[in-house]
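# Structure at a glance
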Amino acid sequence: MQIDSLPTREGLGKGLFPILGKVIYGKYPLVYLDNAATTQKPRQVVEAMTEEYYNVNANVHRGVHFLSQQATDLHEASRETVRRFLNARSTTEIVFTRGTTESINLVASCFGQAFMKEGDEVILSEMEHHSNIVSWQLLQARSGIRLRIVPITDDGLLKMDEYEKLFNERTKIVSITHVSNVLGTINPVKDIIRIAHEHGVPVLIDGAQSTPHMPIDVQELGCDFFAFSGHKIYGPTGIGVLYGKEEWLDRIPPYMGGGEMIKTVSFERTTFNELPYKFEAGTPDYVASTGLAQALDFVTSIGFDAIQAHERDLTAYAMQRLMEVEDMKIYGPKEVSLHDAVISFQVGNIHHLDMGTLLDRLGIAVRTGHHCAEPLMRRLGIEGTCRASFALYNTREDVDALVEGIKRVKQMF
Ligand code: PLP
């Protein structure tokens, strides 16, 4: 499928995504299928950041001078771009963080401090990334909270009836991923949120793997918190977002102390800044926020209708072609409409590391290992998988190259 607004394969090297024009081990073009780990950056993101360093750079918020005001305007305009992207009610609900991991840690730490005591419970699922497990375990070590886990089916779907049974008077928050970075499962987050709210429990959605692939409307979802990372959606590293409903952000304490997050400081008493600055201690990465805004503009200009149509086609095509390979096992939902652009697989008894290393020599970049989801690996009874994950610049030719590559690796064993 060729969609007019999507970059063409021929244009990749010279045009939008320079890195995809790289020759690796004499192979061209690079077949980059590690997008769930991080995406490549379109030229406009890198150029906007370079331009800001060359022509605008100054610390934001406190400066009266020209450059500081210009940098502040850019930074706050980026916050508005994020607000629009998520359809949040106000920019006061958009907190810049370093990424999904920091956003989740912030909620676990601050919500935990305000609302959870020994014996209280958080509901997670069996398919969470370590960042949505360990953050809560740190709170557990501090406050004695309990982790309750929603199990999954063999096809990698949440057992929703078991989810409902986990609620009791000690349940204080639900924290669940929108899309699994291993299985590609698209979780029914609207139902998850509705059920939690029926029990009066707020919900944090880990949007690290959903934001690059589908439109997000936090008001429509009704989630209380939503976390994502810039680098997974064509933006720079080192920046991410925590969306939080104002009523929650108002009621939880700050995460870190320092400049920016205060109103007044004395040795006796400090008062905190208004939202969202209360959660943004220290100099923010104001250049990365510009890059993130450019990335979101880039995605918006292509449009999720085109992106989803393209990536769904790629996923369906890849699932079908991969099954041509003898001894192929694909993890996660068989139903393509429930399966996002992430495919974990295992071929016979070829170790995933061997498969990944040999594919690399053929110019095909996939990820191998436990994908920061060791409890899920344990549930699946495996140590790791090979994972191919797609972005809007991937094509059916990339899938063909992957399948042919796997067949060649298989012949070597
Ligand atoms: N959550 C999920 C589902 C992820 O896939 C990832 C990264 O792979 C993260 C959280 C952590 O994201 P980051 O490392 O950008 O903070």
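The rules behind the values
Residues numbered from 1 in each chain as written. Predicted model: local features only at pLDDT ≥ 70, side-chain atom pairs only at ≥ 80, totals over all residues. Heavy atoms only, no water. Helix = DSSP H or I, 4+ residues; strand = E, 2+ residues; numbered from the N terminus. Expected span 1.5 Å × (residues − 1). Buried < 20%, exposed > 50% of the residue type's maximum accessible area, 1.4 Å probe, protein only. Near = heavy atom within 4 Å. Polar contact = N/O pair within 3.5 Å; in protein donor to acceptor, adjacent residues only side chain to side chain. Areas by Shrake-Rupley, 256 points an atom, 1.4 Å probe, with all protein chains shown as cover. Nonpolar A, V, L, I, M, F, W, Y, C, P; charged D, E, K, R; others polar. Salt bridge = Lys/Arg side-chain N within 4 Å of Asp/Glu carboxyl O. Phe/Tyr/Trp six-rings, centres within 6.5 Å; stacked < 30°, edge-to-face > 60°. Pairing = 2+ DSSP bridges. Arc of directions from axis to C-beta.

A rise of 1.5 Å per residue sets the reference length of helix H3 (residues 100-115), with its 16 residues, at 22 Å; its end C-alpha atoms lie 21 Å apart and thus fit the reference within 8%. Here H3 lies mainly inside the structure; 12 of its 16 residues are buried. For H3, the full list of buried residues reads Thr100, Glu102, Ser103, Ile104, Asn105, Leu106, Val107, Ala108, Ser109, Cys110, Phe111 and Gly112.

This brings us to the site of the ligand. Taken together, the neighbourhood of the ligand is formed by Thr100, Thr101, His129, Ser131, Thr177, Asn181, Asp206, Ala208, Gln209, Ser229, His231 and Lys232. Between the ligand and Thr101 there is a distance of 2.5 Å, counted from an oxygen atom to a side-chain nitrogen or oxygen. A distance of 3.5 Å separates an oxygen atom of the ligand from a polar atom in the side chain of His129. When the ligand sits alone it has 390 Å² of accessible area, and the protein chains cover 85% of it. Partitioned by chemical class, the residues of the shell around the ligand number 1 nonpolar, 9 polar and 2 charged.

Of note, Glu268 is situated in the loop between strand S9 (262-265) and strand S10 (270-272). With 55 residues separating them along the chain, Glu268 and His213 place their C-alpha atoms 49 Å apart.

Applying the stated rule across the entire model yields 29 salt bridges. Glu126 is the partner of Arg379 in a salt bridge, and the nearest nitrogen-oxygen pair spans 3.6 Å. A residue pair is termed long-range when its members are at least 10 positions apart, and Arg379 in helix H12 (residues 374-380) and Glu126 in the loop between strand S3 (121-125) and helix H4 (131-143) qualify at 253 residues. Taking the shortest distance from any N to any O, the salt bridge between Lys410 and Asp327 comes out at 3.6 Å. Taken together, the residues span a long stretch of sequence, with Lys410 in helix H13 (residues 396-412) and Asp327 in the loop between helix H10 (304-322) and strand S11 (328-330) at a distance of 83 residues. Connected through salt bridges with shared partners, the residues Arg321, Glu324, Asp400, Glu404 and Lys407 form a single ionic network.

Looking now at the packing of aromatic side chains. According to the stated counting rule, one finds 12 aromatic pairs in the structure shown. Both rings, one in Phe85 and one in Phe228, keep their centres 6.3 Å apart while their planes meet at 45°; by these two values the pair is tilted. Here Phe85, found in helix H2 (residues 66-86), pairs with Phe228, found in strand S7 (residues 225-229); they are 143 residues apart in sequence, far enough to count as distant. Under the relative-accessibility criterion, Phe85 is labelled buried at 12%. Summarising the aromatic geometry, the rings of Phe111 and Phe225 are spaced 6.4 Å apart at their centres and angled 85° between planes, so their arrangement reads as edge-to-face. Here Phe111, found in helix H3, pairs with Phe225, found in strand S7; they are 114 residues apart in sequence, far enough to count as distant. Here the two residues Phe111 and Phe225 agree in accessibility, since each one is buried. Cluster of aromatic residues (ring-pair linked, three or more members): Phe17, Tyr234, Phe298 and Tyr393.

Each regular strand displays side chains that alternate between the two surfaces of the sheet. Taking every second residue as pointing to the same face, both faces of strand S2 (residues 94-97) are buried, with Ile94 and Phe96 on one and Val95 and Thr97 on the other. In this sheet, strand S8 (residues 240-244) lies alongside S2 in antiparallel orientation, the contact comprising 4 bridges. Across the sheet, Val95 pairs through a bridge with Leu242, a residue of S8.

Taking 1.5 Å per residue as the helical rise, H13 with its 17 residues ought to reach 24 Å, and the 25 Å between its terminal C-alpha atoms agrees with that figure. Every buried residue belonging to H13 is among Asp398, Val399, Leu402, Val403, Gly405, Ile406 and Val409, and all of these are buried. Viewed end-on, H13 has its buried residues packed into an arc of 160°, placing them on one side of the element.

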